[in-house]
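Residue-level listing of the chains:
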Amino acid sequence: MTLLAKPSSPPLSRFVRAELHRLLSPKPVRYGLLALPAILLALAVSTFLSHHTDVAAAWRAAEAAYRTYAEEAATRPAGSVETLSPREFFDDPRYLMTKASFVDLRAVLSGLSLAALVLGVLSGGADWSSRVMLTLTAAEPRRTRLFLVRGLLVTAVATATAVLTSVFLLPLLLGVAVFKGSLADADGRYWMVLAVIVARGAVLVGLVALLGYSLAMLTRRTTTALGIALAYLVASGRIVQEYVPALAEYQLSGITFAVLNERLLMETDRTTCVGEGACLAMREGTTATTAFLALSVHLLPVVAAAWWRFARRDVG
Amino acid sequence: MTQEPEHTGPSDALVRFDDVRKSFRTARGRRQQALDGFSMSIPRGSIVGLLGPNGSGKTTALKTLLGLVRPDSGSVHAFGHALPKDQRHVAGRMGALIEGPAFNASLTGEHNLRLIGELHGAGPTEVAEALELVGIAQAARRAYSGYSLGMKQRLGVAGALISGPELLVLDEPMNGLDPEAVRDMRELLKRLRDERGMTVVVSSHILAEVELVCDWVTIVRNGRVICDAGVSELISRGTEHLVVRVHDTVTEQAVAVLERHGHTLTRAAGPRGTDELRMPAPRPHPHAPEVLRLLTAQNVYPRELLVESVSLEDIYVAAVRAADAAAEDGPFDERR
């Protein structure tokens, strides 16, 4: 018989290792991580194949998009739209590079933010639903430590996933740009800005995962936390737009856009401005710093309340 | 009459609850008293049965011991440490299955156990050993979601054992087990006590099992301990009965004979045209030969004569009824 009594609760290193394994163990998480490279590859292939500016249908669509873009740009104080014709705009080889390396990257990071929210909710809520949390808190009575370790691990895993995704995706997108367009004007500033977007995006993804985790730890139910998150994403934008329009750009969609927004080589805002909050953030020129501050306004109360409930209240 | 709880316990108590109170707020905003002056001791190296009706406070008491629930007042000590202040010093020395088994449904039994074992520094050897101990090694690689209730229960016990605890806390461990598994569980608990000196606390509704496996029993009612004593002591304290089964044609004659000689009888209908005459039987000699002699002298020949021993169930029912009667008289009201 080799089972031996251990004198106390687990040391930090062992605890972190165990929690990391627990976090990565659920099938949806494992399958999601395994499927991610394939999804990114498919996106790159689709970007490569769908770039047909010489096809009539694509051209008509481009003209329509340009008209919308011009109308949108005319409402802004400083627009460079007069200098670009539709043909110049979409034929400019820099367009593809900008879109591939920036717009597509932003789309992927925005999608990852959503996935991170779900990951956070699952990592916080699943163990409540299955009552594994009772076993964990009995084994590690220092609940603040448990809360922090798990929260930091969720954040770190989501951030690392975003970084690895960007590292994997960018060469693919730049490859598309090289074969279908040009890397002209890609100077040091361009690469620096790209790196900054990746860094900001990774932090955003991590913080959103932390938000999801905290929400689940606060509500102690996966479905409730997911419901709240979904209701927020669907309804709050409209409510804020209706009653406090001044705050509309600080909705999560606006925050995501502002954090990932950067004008690189050309004005391409209209092509990626999706949703009222995002468009407002674009028009108002919300900076990434302001957006992160707005995110912390979302995050901190939820984290604090979740910590208080978990560390100070009964768990049974 | 109020039956005072006998929570003096043994001198080498591993765990001690003293006047613990805990209330919860219900969904309707009312306060519900889960523990109301709960006091008990858990003797080292014994198997303790925690009995009581649903909602009596058993699980709350166990959760308090595990640090999941914090008492409003009173004190809990385990291994000489005050809880929940020193919970982290004793957490690794306790293993628990509380409110049924809790595992990730999509993982295998082995994977689930590995995750718990990792917290305690237990490797594959210990995981395999724990699975073997509870008898589900052959199902280790199957998904937990495909386990039967009994298998889940066994895995829960394996999870409690994986840390190699000195104190094992099992909340309803026999739930969902088939008779063979119940017997295995009983043997396992006894082995853990005898071979490793493990102290085991079992909360259960299956009184017969508790009687068979436990050394010590604590009966809880309305958040209070109403009885706390060794099982053999309790049973020896109880009154046995001598049961005389006679054909119903001679019942009146038998009653007359026995009452004439000072026996106090109760009558009940027995099976297949018989009546049962029940009378208290003092230990250690329940005067069966004398009763037989009296009856046969009057040509009354009993169909059966047996000594009905006291079961834990009798003691439990008597204790709960006494507590209920005492509560109706209102002796606890002053304390609320």
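Residues numbered from 1 in each chain as written. Chains lettered and ligands numbered in written order. Predicted model: local features only at pLDDT ≥ 70, side-chain atom pairs only at ≥ 80, totals over all residues.

**Focus on unusual backbone geometry**
Residue and element names in this part refer to chain B.
And then number 1: With an omega dihedral of 5 degrees, the bond running from Leu83 to Pro84 counts as a cis peptide bond.
And then number 2: Structurally, the position occupied by Pro84 is in the loop between β5 (81-83) and α2 (87-90).
And then number 3: One non-glycine residue, Asn222, lies in positive phi territory at about 50 degrees.
And then number 4: On the secondary structure map, Asn222 appears in the loop between β9 (216-221) and β10 (224-230). (Helix = DSSP H or I, 4+ residues; strand = E, 2+ residues; numbered from the N terminus.)

**Concerning the sheet that holds strand β13 (residues 274-281) of chain B**
All names here are of chain B.
And then number 1: Spatially, 4 strands are ordered β12-β13-β11-β14 in an open sheet, and the strand pairing comes out antiparallel. Here the strands that pair on one side only, and so sit at the sheet edges, are β12 (266-269) and β14 (304-308). Between one strand axis and the next, the sheet turns through 25 degrees on average, direction left out of account.
And then number 2: Relative to β13, strand β11 (residues 240-247) is paired through 8 bridges, and the arrangement is antiparallel. By the bridge assignment, Leu242 is partnered in β13 with Met279.
And then number 3: Sheet strands touched by helix α9 (residues 251-260): β11 and β13. Its angle to β13, the strand with the most contacts, is close to 15 degrees. (Pairing = 2+ DSSP bridges. Axes fitted to C-alpha atoms, helices over the stretch in contact; angles between N-to-C directions. Contact = placed C-beta atoms within 7 Å.)

**Observations concerning the nonpolar core**
And then number 1: Of all hydrophobic cores here, the largest spans 144 residues; its most connected members are Val205 and Ala209 of chain A together with Ala158, Val169 and Val200 of chain B.
And then number 2: Excluding residues within four positions of it along the chain, Val200 of chain B makes contact with Ile47, Val48, Leu168, Leu170, Leu189, Leu192 and Arg193 of chain B.
And then number 3: Among the nonpolar cores identified, the runner-up in size contains 10 residues, and Leu242, Val244, Leu295 and Val300 of chain B belong to it. (Core = buried A, V, L, I, M, F, W, Y, C linked by C-beta atoms within 7 Å. Buried ≥ 20, exposed ≤ 12 C-beta atoms within 10 Å, placed from the backbone.)

**Topic: helix α7 (residues 143-180) of chain A**
Think of an α-helix as turning once every 3.6 residues; residues three or four places apart then point the same way.
And then number 1: The first and last C-alpha atoms of α7 of chain A sit 54 Å apart over 38 residues, in line with the 56 Å expected at 1.5 Å per residue.
And then number 2: For α7 of chain A, the principal kink sits at Leu169 of chain A and spans about 25 degrees; a proline, Pro171 of chain A, occurs within the next four residues. (Expected span 1.5 Å × (residues − 1). Bend = angle between axes of the 7 residues up to and from the residue.)

**A word on the UniProt feature "transmembrane region" (unreviewed entry) in chain A**
Residues and elements named next belong to chain A.
And then number 1: In the numbering used here, UniProt assigns the "transmembrane region" (unreviewed entry) feature to residues 31-49, 107-126, 147-170, 190-211 and 291-310.
And then number 2: Between the C-alpha atoms that bound residues 31-49 there is a distance of 27 Å. The span itself is 100% helix and 0% strand.
And then number 3: Measuring from the first to the last C-alpha atom of residues 190-211 gives 31 Å, for a span that is 100% helix and 0% strand. (UniProt positions renumbered as here; feature names shortened; annotations may be inferred.)

**Points about the domain arrangement of chain B**
For an interface, size is often stated in terms of accessible area lost upon the parts coming together.
And then number 1: For chain B, the assigned domains read domain 1 (13-235) and domain 2 (239-308).
And then number 2: Each of domain 1 of chain B and domain 2 of chain B has a C-alpha centre, and the two are 44 Å apart. (Domains from an automatic or database assignment.)

**Some details on the packing of helix α3 (residues 109-119) of chain B against helix α5 (residues 149-161) of chain B**
Residues and elements named next belong to chain B.
And then number 1: At a closest axis distance of 9 Å, the pairing of α3 and α5 adopts a crossing angle of 25 degrees. Our classification of the angle between α3 and α5 gives roughly parallel. Along this stretch, α3 crosses α5, giving a crossing that reads as right-handed. Note on element contacts: α5 touches α3 through Leu155, Ala158 and Gly159, opposite Gly109, Asn112, Leu113 and Ile116.
And then number 2: Considering only residue class, the contact of α3 with α5 consists of 4 nonpolar, 3 polar and no charged. (Parallel < 35°, antiparallel > 145°, perpendicular 65-115°, else oblique. Left-handed = near helix turned anticlockwise from the far one by under 90°. Nonpolar A, V, L, I, M, F, W, Y, C, P; charged D, E, K, R; others polar.)

**Looking at the interface of chain A and chain B**
And then number 1: At the interface, 32 residues of chain A touch 39 residues of chain B.
And then number 2: Residues belonging to the side of chain A that touches chain B are distributed by class as follows: 14 nonpolar, 9 polar and 9 charged.

**Things to note about the sheet that holds strand β7 (residues 167-171) of chain B**
Residue and element names in this part refer to chain B.
And then number 1: Strand order in the open sheet formed by 6 strands is β6-β7-β8-β3-β9-β10, with mixed pairing between adjacent strands. Only two strands of the sheet have a single partner each, and these edge strands are β6 (94-97) and β10. Geometrically, the sheet is characterised by an average inter-axis angle of 15 degrees between neighbouring strands, direction not taken into account.
And then number 2: Pairing of β6 with β7, which is carried by 4 bridges, proceeds in the parallel orientation. The residue of β7 that forms the bridge with Ala96 is Val169.

**A word on the packing of helix α1 (residues 12-24) of chain A against α7 of chain A**
All names here are of chain A.
And then number 1: One way to put it is that α1 packs onto α7 with a least axis distance of 10 Å and a crossing angle of 55 degrees. Compared by their axis directions, α1 and α7 come out oblique. In the crossing of α1 with α7, the sense of the turn from one axis to the other is right-handed. Two secondary-structure elements touch here, α1 through Phe15, Val16, Glu19, Leu20 and Leu23 and α7 through Val149, Arg150, Leu153, Val154 and Val157.

**Quick look at the pairing of strand β8 (residues 199-203) of chain B**
Residues and elements named next belong to chain B.
And then number 1: Of all 5 residues that make up β8, 5 are buried, and the element is covered over most of its length.
And then number 2: Across the two faces of β8 the burial is the same, with Thr199, Val201 and Ser203 and Val200 and Val202 all buried.
And then number 3: Of the strand pairs in this sheet, strand β3 (residues 47-51) and β8 are connected by 4 bridges, and their pairing is parallel. If you follow Ile47 over to β8, its bridge partner there is Val200.
And then number 4: In this structure, β7 lies alongside β8, joined through 5 bridges in parallel fashion. Paired with Leu168 across the two strands is Val200, which belongs to β8.
And then number 5: As a crossover connection, the stretch from β7 through helix α6 (residues 179-196) into β8 is right-handed. (Right-handed = clockwise from strand over helix to strand, strands pointing away.)

**As for the environment of Ala143 of chain B**
And then number 1: Tracing the chain through its elements places Ala143 of chain B in the loop between α4 (124-134) and α5.
And then number 2: For the pair Ala143 of chain B and Val127 of chain B, spaced 16 residues apart in sequence, the C-alpha separation works out to 16 Å.

**Details of the confidence of the model for chain B**
All names here are of chain B.
And then number 1: Chain-level pLDDT for chain B is 86 on average; 93% of the residues reach the 70-or-more range.
And then number 2: Below pLDDT 50 for its whole length, residues 1-10 participates in 29 contacts with residues either more than four positions away or in separate chains.
And then number 3: Per-residue pLDDT stays below 50 along residues 331-336; that stretch engages in 4 contacts with residues further than four places along the chain or on separate chains.
And then number 4: Reported confidence for the predicted complex is 0.75 by ipTM and 0.78 by pTM. (pLDDT = per-residue confidence, 0-100.)

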